[in-house]
Amino acid sequence: MKNIRKLVLISLLVFIISTIGVTYLYVLFDSLMELSSKSIIKILTQIGLIGGIILTIVFILIYYLIKKIKNIWLLTLSLIGLLVFLVFITYWFFLAMMYFRLEDSQSFLSILLQVL
């Protein structure tokens, strides 16, 4: 039971840090955007939360792979596959971030699915 609480706490911390980080990256990339509290909240809810969820899920998958797989070769192969998947997801996410504009009526999730 203690390990589950620790995992939830660390996952929550990863989620918060990655959400703030992805939001900050979008603000850095979009230099034409006018900064206001409304626009930052919109970025946080549309882009930051999705990025935070993706990175938290990958973190939890890595944790469970390390805990459940005892064979070192299978673990290595699984982690390499997961890291390749993470690189693909990161590229896909950043590509969608480049096409997203706050002024448009489309949500970030719809643009994310269109880029695929």
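A.B. asks: Provide a residue-level description of the environment of Gly48, including the pertinent values.
C.D. replies: Along the polypeptide, Gly48 turns up in helix α2 (residues 37–68). The exposure class of Gly48 is buried, given its relative accessible area of 0%. Sequence-wise, Gly48 and Leu25 are 23 residues apart; in three dimensions their C-alpha atoms are separated by 9.3 Å. In contact with Gly48, other than residues within four places in its own chain, are Thr19, Val22, Thr23 and Ile43.

A.B. asks: Describe the side chain of Ser11, and please don't skip the residues or the numbers.
C.D. replies: Checked against the element boundaries, Ser11 lands in helix α1 (residues 2–29). In this structure the side chain of Ser11 is engaged in a polar contact, spanning 2.8 Å, whose partner is the backbone oxygen of Leu7. Excluding anything up to four places from it in sequence, Ser11 contacts Thr56, Phe59 and Ile60.

A.B. asks: Tell me about the nonpolar core, residues and numbers included.
C.D. replies: Looking at soluble globular proteins, one finds that nonpolar side chains tend to be buried together. Grouped together as the largest cluster of nonpolar side chains are 16 residues, with contacts concentrated most on Tyr26, Ile47, Phe93, Met97, Phe100, Phe108 and Leu112. Sequence-distant contacts of Tyr26, that is, excluding residues within four places in its chain, are made with Met33, Ile43, Ile47, Met97, Phe100, Arg101 and Leu102.

A.B. asks: Talk me through the environment of Ile50; I want residue IDs and the actual numbers.
C.D. replies: When you line up the elements, Ile50 lands in helix α2. Sequence spacing of Ile50 and Leu109 is 59 residues, and the spatial spacing of their C-alpha atoms is 8.0 Å. Discounting residues that sit within four places of it in the chain, Ile50 has contacts with Phe93, Phe108, Leu109 and Leu112.

A.B. asks: Pulling in residues and values, what's your account of the environment of Thr76?
C.D. replies: Take Thr76: it is sitting in helix α3 (residues 72–99). Sequence separation between Thr76 and Ile20 is 56 residues; the distance between their C-alpha atoms is 30 Å.

A.B. asks: Describe α2, and please don't skip the residues or the numbers.
C.D. replies: Taking 1.5 Å of rise per residue, 32 residues should cover 46 Å, and α2 covers 44 Å from first to last C-alpha, within 8% of that figure. At Gly48, α2 shows its maximal bend, which comes to roughly 35°. Inspection of α2 places Ser39, Ile43, Ile47, Gly48, Ile50, Gly51, Gly52, Thr56, Val58 and Leu65 among the buried residues, and these make up the whole buried set. Where the residues of α2 are buried, they touch α1, α3 and α4 (108–115).

A.B. asks: So what's going on with the packing of α2 against α4? Residues and values would help.
C.D. replies: Packed helices, taken two at a time, are described by the angle their axes make and the gap between the axes. At a minimum axis separation of 9 Å, α2 and α4 run at an interaxial angle of 55°. Here α2 is positioned oblique relative to α4, judged by the angle of their axes. On α4, the residues that touch Gln46, Ile47 and Ile50 of α2 are Phe108, Leu109 and Leu112. Residues belonging to the contact of α2 with α4 are distributed by class as follows: five nonpolar, one polar and no charged.

A.B. asks: Describe the packing of α1 against α2, with residues and values.
C.D. replies: Contact pair α1 / α2: the axes reach a minimum separation of 7 Å and the direction vectors enclose 140°. Relative to α2, the element α1 lies oblique. In terms of crossing hand, the pair formed by α1 and α2 is right-handed. Considering only residue class, the contact of α1 with α2 consists of 18 nonpolar, nine polar and no charged.

Basis of the calculations
- Residues numbered from 1 in each chain as written.
- Predicted model: local features only at pLDDT ≥ 70, side-chain atom pairs only at ≥ 80, totals over all residues.
- Heavy atoms only, no water.
- Helix = DSSP H or I, 4+ residues; strand = E, 2+ residues; numbered from the N terminus.
- Buried < 20%, exposed > 50% of the residue type's maximum accessible area, 1.4 Å probe, protein only.
- Contact = heavy atoms within 4.5 Å.
- Polar contact = N/O pair within 3.5 Å; in protein donor to acceptor, adjacent residues only side chain to side chain.
- Core = buried A, V, L, I, M, F, W, Y, C linked by side-chain atoms within 4.5 Å.
- Expected span 1.5 Å × (residues − 1).
- Bend = angle between axes of the 7 residues up to and from the residue.
- Axes fitted to C-alpha atoms, helices over the stretch in contact; angles between N-to-C directions.
- Parallel < 35°, antiparallel > 145°, perpendicular 65-115°, else oblique.
- Nonpolar A, V, L, I, M, F, W, Y, C, P; charged D, E, K, R; others polar.
- Left-handed = near helix turned anticlockwise from the far one by under 90°.

Geometry only, nothing functional implied.
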